[in-house]
Amino acid sequence: MRHELIIVGAGLAGVALAHALHVDGHAPRVLEARARCGGRILGVDGFDLGPSWVWPTLQPRLAAWITAHGLRSYEQASTGALQFEDADGRMQTYASGMAQEPPSQRLLGGSAALLVPLPALQRAGLIETGVSVRALHLGVEGVDVIAQGSDGTRRLQARRVALALPPRLIAAMAFDPPLPAALHAQLAALPTWMAGQAKFVARYAQPFWRAAGFSGTAFSQRGPIGELHDASLPDGRAALTGFIAWSASMRAACADLPGAIVAQLQRLFGSAAAQPLAVHVQDWALEEFTATPADSAAAPREHPDYAPIVLPEPWRARVLLAGSEVAPDFGGYLEGALQSASAAHAWLSAR
Ligand SMILES: Cc1cc2nc3c(=O)[nH]c(=O)nc-3n(C[C@H](O)[C@H](O)[C@H](O)COP(=O)(O)OP(=O)(O)OC[C@H]3O[C@@H](n4cnc5c(N)ncnc54)[C@H](O)[C@@H]3O)c2cc1C
């Protein structure tokens with residue numbers, strides 16, 4: 001059987017593209033390597049371990065997506081004092097905190113709420129998980145997609161293929177005929193946004209830091225946490241969340257990272273931080289379907305310059321790149337994932 005379109009990757013970009021085509025009456029086949037969908041979107045009990053912030057006043061596609069799917073957002077809590085820890089562990093408290101402009105918004109239900117079309121796509125039988133695409137072979141009438149599943153290696157055929165995943169993971173696939181060396185190098189060099197990072201959520205019975213006048217926002221030069229925020233949910237469940245500043249190799253060498261996180265939270269907020277209900281750590285650098293060794297080795301300090309990438313002939317007519325890192329705008333962000341899906345939808349609809 002030859003598929004009209006195979007979408008590789010069921011992160012937000014792949015899901016949004018599949019949703020748009022499904023609404024149009026098409027039945028794209030979505031192949032997802034992980035056992036779950038969502039890609040970098042990952043939550044635990046409504047707390048985000050991947051993306052959590054959106055800026056709907058700046059991000060038109062996200063704003064439209066939120067409205068279309070009846071999602072609700074709320075402002076990042078930041079009222080209260082900000083803590084700063086220097087490299088020697090000395091603490092400074094800034095009473096006025098830090099106001100973000102525009103304020104970051106969180107989504108009710110976490111970022112996973114953005115995946116609202118998923119159940120309908122799954123009910124329609126369009127998504128297959130646990131299938132990792134390894135190679136693309138260009139034929140006269142389409143593309144052979146070589147994929148690895150639990151049942152071994154499979155060869156699927158499609159008239160077109162949309163690659164909704166980071167360029168570095170695309171560079172790891174085998175192309176026959178090969179991509180031009182310069183393009184391959186360009187794809188391999190593009191960092192996947194946040195792929196080398198680790199994030200944690202520490203849940204507490206009460207937001208005790210608020211009662212003590214702290215916002216929960218903190219920055220540290222000592223670590224392991226580099227940046228910390230209040231992640232409490234509107235339903236009252238309390239949590240602190242943040243990014244681990246230690247490199248991937250330092251994280252790997254740490255025998256008890258959750259313990260080191262809690263010890264730092266105690267330095268920041270006192271003994272009330274000593275007894276979290278749970279600490280969840282997600283090290284994205286260890287995720288083979290997000291990060292490559294290059295992402296772990298060097299996390300970009302600045303946001304990289306992302307832009308659309310179009311494959312040259314003979315691939316151009318058959319395979320298009322989607323995914324946040326090739327978005328026309330807001331590359332690397334959730335908005336970029338939606339923009340790339342929208343651009344891919346327009347491209348496919350025109351053919
Ligand atoms: C810790 C962290 C914090 C972030 N914070 C924010 C934030 O606050 N705001 C924001 O806007 N953005 C944030 N981001 C970025 C945001 O998560 C991404 O922009 C967005 O999720 C990208 O979606 P995507 O669909 O393009 O790619 P992905 O989510 O990476 O999806 C790609 C999919 O392809 C699958 N896949 C990979 N290889 C294969 C293969 N060979 N075969 C089949 N499937 C494959 C993957 O499993 C995955 O499901 C953050 C990211 C991280 C990791």
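Computed from a predicted structure; not experimentally measured.

Colleague: Please provide a residue-by-residue account of the overall build of the chain, values included.
Modeller: Scanning the chain for helices and strands turns up ten helices and 19 strands. Principal-axis analysis of the C-alpha atoms places the extent of the chain at approximately 65 × 40 × 35 Å. Burial statistics for the chain: of 351 residues in total, 52% are counted as buried. For the chain, contacts bridging at least 24 residues in sequence account for 69% of all contacts bridging at least 6.

Colleague: Any chance you could break down the pattern of salt bridges for me, citing the residues and the numbers?
Modeller: Scanning all chains against the criterion turns up 15 salt bridges. Connected through salt bridges with shared partners, the residues Arg-29, Glu-128, Asp-151 and Arg-154 form a single ionic network.

Colleague: Please set out empty space enclosed by the protein residue by residue, giving values where relevant.
Modeller: Under the criterion given, the structure shown has one cavity of 30 Å³ or more. What the largest cavity holds in volume is close to 80 Å³. Every residue lining the largest cavity is counted, 13 residues in all, and those nearest its centre are Gly-46, Phe-47, Asp-48, Arg-106 and Leu-233. Contributing elements (two or more residues each) for the lining of the largest cavity: strand E4 (47-48), strand E8 (105-107) and strand E14 (198-204).

Colleague: A description of the domain arrangement of the chain should follow, citing residues and the corresponding values.
Modeller: Domain annotation for the chain reports domain 1 (1-44 + 111-191 + 303-351) and domain 2 (73-107 + 196-286). On a C-alpha basis, the centroid separation for the pair domain 1 and domain 2 is 34 Å. Contacts between the two partners involve eight residues from domain 1, matched on the other side by four residues from domain 2. For the pairing of domain 1 and domain 2, the buried interface totals around 470 Å² over both sides, and the portion due to carbon and sulfur atoms is 80%. In terms of surface lost to domain 2, no three residues of domain 1 exceed Arg-40, Leu-42 and Val-44, which account for 63% of the buried area on that side.

Colleague: Would you mind going over the sheet that holds strand E16 (residues 225-230) in detail, with residue names and values included?
Modeller: In sheet architecture, strand pairing relies on hydrogen bonds along the backbone and comes in two forms, parallel and antiparallel. Here we have seven strands laid out as an open sheet, ordered E7-E6-E15-E16-E17-E14-E18, and mixed in their pairing. Unpaired on one side and paired on the other, strand E7 (91-94) and strand E18 (278-283) mark the two borders of the sheet. In this sheet, adjacent strand axes meet at a mean angle of 20 degrees when their direction is disregarded. Where E14 meets E18, six bridges bridge the pair, whose relative direction is antiparallel. In the sheet register, Ala-198 faces E18, and the bridge partner there is Asp-283.

Colleague: An account of helix H1 (residues 12-23) is requested, with residue identities and associated values reported.
Modeller: With twelve residues, H1 extends 16 Å from end C-alpha to end C-alpha; this agrees with the ideal 16 Å at 1.5 Å per step. When you tally the buried positions in H1, you get nine out of twelve residues, the bulk of the element. The complete set of buried residues in H1 reads Leu-12, Ala-13, Gly-14, Val-15, Ala-16, Leu-17, Ala-18, Ala-20 and Leu-21. If you follow the buried residues of H1, they end up packed against strand E1 (2-8), strand E2 (29-32), helix H2 (60-68), helix H3 (118-123), strand E12 (152-164) and helix H10 (334-349). Of the residues trailing H1, Gly-25 is marked for its positive phi of about 100 degrees.

Colleague: Can you lay out the packing of H2 against H10 for me, pointing to particular residues and giving the numbers?
Modeller: Following both chains from N to C, one finds H2 and H10 inclined at 85 degrees, their axes separated by 8 Å at the closest point. For the element pair H2 / H10, the angle class is roughly perpendicular. Side by side, H2 and H10 meet where Pro-60, Arg-61, Leu-62 and Trp-65 of the first sit next to Leu-334, Glu-335, Leu-338, Gln-339 and Ser-342 of the second. Here the residues of the contact of H2 with H10 are counted per class, giving five nonpolar, two polar and two charged.

Colleague: Tell me about the site of the ligand, residues and numbers included.
Modeller: Taken together, 35 residues sit near the ligand, with Glu-32, Arg-34, Trp-53, Ser-324 and Gly-332 positioned nearest. Contact between the ligand and Arg-40: an oxygen atom at 2.9 Å from a main-chain N or O atom of the residue. Alone, the ligand offers 1,000 Å² of accessible surface; in the complex the protein occludes 97% of this. Elements represented by at least two residues in the shell around the ligand include exactly H1, E2, strand E10 (132-138) and H10. Looking at the shell around the ligand, its residues break down into 22 nonpolar, ten polar and three charged.

Colleague: How would you sum up the packing of aromatic side chains? Please name residues and give values.
Modeller: Following the criterion strictly, the structure yields nine aromatic pairs and no others. Between Tyr-204 and Phe-208 the ring centres are 5.0 Å apart and the planes differ by 80 degrees, which places this aromatic pair in the edge-to-face class. Looking at Tyr-204, the relative accessible area reads 3%, which means it is buried. Grouped by ring-pair contacts, the aromatic residues Trp-53, Trp-55, Trp-193, Phe-330 and Tyr-333 constitute a single cluster.

Cut-off values and rules
- Per-chain numbering applies: the sequence of each chain, read as written, is numbered from 1 onward.
- Owing to the predicted nature of the model, reporting of local features is limited to residues with pLDDT of at least 70; listing and counting of side-chain atom pairs is limited to 80 or more, with chain, interface and lining totals taken over all residues.
- Only heavy atoms go into the side-chain values, all of them from the structure, while hydrogens and water stay out.
- Secondary structure elements follow DSSP: runs of H or I of four or more residues count as helices, runs of E of two or more count as strands, with numbering from the N terminus.
- Relative accessibility thresholds used throughout: buried, under 20% of the residue-type maximum; exposed, over 50%; partly exposed, between the two (1.4 Å probe, protein chains only).
- Any two residues whose heavy atoms approach within 4.5 Å are treated as being in contact.
- In what follows, salt bridge is the name for a side-chain nitrogen of Lys or Arg lying within 4 Å of a carboxyl oxygen of Asp or Glu.
- Cavity: a set of points on a 1 Å grid over the protein atoms alone where a 1.4 Å probe fits but cannot get out. Pocket: an open set with protein on both sides within 12 Å along at least five of seven lines, its lining residues, like those of a cavity, having an atom within 4 Å of a point.
- Grid points are joined across faces, edges and corners, and a volume is the space filled by probe spheres set on the points.
- Domain delimitation in this document rests on an assignment produced automatically or drawn from a domain database.
- For any pair of parts, buried area is found by adding up, for both, the accessible area (1.4 Å probe) each one loses once the two are put together.
- Pairing between strands is defined by DSSP: at least two bridges between them are needed.
- Axes here refer to lines fitted to C-alpha atoms; in helices the fit is confined to the stretch in contact. Angles between the N-to-C directions go from 0 to 180 degrees.
- One fewer than the residue count of a helix, multiplied by 1.5 Å, yields its expected span.
- When an angle is under 35 degrees it counts as roughly parallel; over 145 it counts as roughly antiparallel; between 65 and 115 it counts as roughly perpendicular; any other value is oblique.
- Just so you know the grouping, Ala, Val, Leu, Ile, Met, Phe, Trp, Tyr, Cys and Pro go in nonpolar, Asp, Glu, Lys and Arg go in charged, and all remaining residues, Gly too, go in polar.
- Put simply, a residue is near a molecule or strand once any heavy atom of it comes within 4 Å of that molecule or strand.
- Polar contacts, as used here, are pairs of N or O atoms within 3.5 Å; protein pairs need one atom able to donate a hydrogen and one able to accept it. Residues neighboring in sequence count only if both atoms are side-chain atoms.
- Here the open area of atoms and residues is found with the Shrake-Rupley method and a 1.4 Å probe, where only the protein chains shown may cover a residue.
- Here a Phe, Tyr or Trp ring, Trp counted by its six-membered ring, pairs with any other such ring whose centre lies within 6.5 Å, and the pair is stacked when the planes are under 30 degrees apart, edge-to-face when over 60, and tilted otherwise.

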